[in-house]
Every structure is written in structure tokens, then in C-alpha cells.
Amino acid sequence: MSDVRTMLRQGARVLRWALCLAVVVLGVKYCFEVKARVRADHHPDEWWSEVSPDPGGAYTARLVFTSRTTILLRLYRTGEPTLLAERSYTEAGVALRWAEDGLTYDIADESFLGGGIRLPPTRLDNLLAKLP
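Here the structure is a predicted model, which means the values were calculated and not measured. (Residues numbered from 1 in each chain as written. Predicted model: local features only at pLDDT ≥ 70, side-chain atom pairs only at ≥ 80, totals over all residues. Heavy atoms only, no water.)

## Let's talk about the pattern of salt bridges
- In total, this model carries five salt bridges according to the counting rule given.
- Here R74 and D41 are joined by a salt bridge, their closest N and O atoms 2.7 Å apart. Placement of the pair is R74 in strand β3 (residues 70–77) and D41 in helix α1 (residues 2–41), with a sequence separation of 33 residues.
- Using a relative accessible area of 9% as the deciding quantity, one classes R74 as buried. (Salt bridge = Lys/Arg side-chain N within 4 Å of Asp/Glu carboxyl O. Helix = DSSP H or I, 4+ residues; strand = E, 2+ residues; numbered from the N terminus. Buried < 20%, exposed > 50% of the residue type's maximum accessible area, 1.4 Å probe, protein only.)

Put into C-alpha cells, the structure is as follows:
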């Protein structure tokens, strides 16, 4: 019985260290991404824009390379400075695909965000865009 408890304590200790290490690694990765976004903000001449083709061009997408293969995409309502959604993705094809109900930026993305942004952006998109 005491051997089982000892093993459980040791397993819990290993699990705690693994979780701490995962948090540190993800935190460092996030810090590098924030640094790249801030660096991109300091070079506004490197950004390019694309306005949605719907009548009136309701949305504007601004893009910039933050590294050789990583693109930062920001979505705004045309004529307004409020950021609606932001994504970072690996270059698979720079061409954006506008649709009536969404913007597709990466057809190969299988993550929970799915390689696209619904139009109008969801509350989760708005919340994530406000993070540093």
C-alpha cells in the first residue's frame, strides 16, 4: 500500500514539473510572437492591404511578414481603426479568399480556428485581438 502511495506522489511530482515546463515553453513562444507583432507595428510601410470585394468593401485585411514564412493578418472594418480579428499563420499561399460569410487565409489549417475568419468576426475573435 505504501509503495503505491509513493509511486503516486512521484508521478504527481513529475506531472507538476511537466506542466510547469509546458507553461514556460508556451510562454516563451508567446513572447516571441508578441515581439514579432510589435516589430511589425514599427514598420508600417511593409504592410499591404486588401479590401473585401463585396459592395462597399466592408472589411479591410492588412498583412505583413513577421518572419520569412510567417504572416500576420489583421482584420478591420474599412475606415475604422478598431482591430476585429488577428491571425498568425505560416505562408501557404498569400492570396486571401473573400466570401459572403468569411475570409479564408489558409486552406491547409486544421486547428480550431480553421484557417479562416467568419464575417462578422465572433466575440472570441474580438477578445483574442485585444490580447497583447
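## Regarding the state of the cysteines
- Evaluated as defined, the whole model comprises zero disulfides.
- C20 takes part in no disulfide bond, and the closest cysteine sulfur, belonging to C31, lies 16 Å away.
- Owing to a relative accessible area of 46%, C20 belongs among the partly exposed residues under this scheme. (Disulfide = S-S within 2.5 Å.)

## Quick look at the side chain of R74
- A polar side-chain atom of R74 sits 2.6 Å from a polar atom in the side chain of E86.
- Residue contacts for R74: discarding those within four places in its chain leaves R37, D41, W47, T60, A61, R62, L83, A85 and E86. (Polar contact = N/O pair within 3.5 Å; in protein donor to acceptor, adjacent residues only side chain to side chain. Contact = heavy atoms within 4.5 Å.)

## Observations regarding the pairing of β3
- Taken across its eight residues, β3 has six buried, putting it largely inside the fold.
- Sheet analysis places strand β2 (residues 59–65) next to β3, joined by seven bridges and oriented antiparallel. Each bridged residue has a counterpart across the sheet, and for A61 the counterpart in β3 is L75.
- In this antiparallel pair of consecutive strands, β2 and β3, the connection spans four residues.
- Relative to strand β4 (residues 83–90), β3 runs antiparallel, the two being bridged by seven bridges. Across the sheet, residue I71 finds its bridge partner in β4, namely Y89.
- Taking the residues between adjacent antiparallel strands as the criterion, β3 and β4 are bridged by five residues, where G79 takes a positive phi near 90 degrees. (Pairing = 2+ DSSP bridges.)

Geometry only, nothing functional implied.
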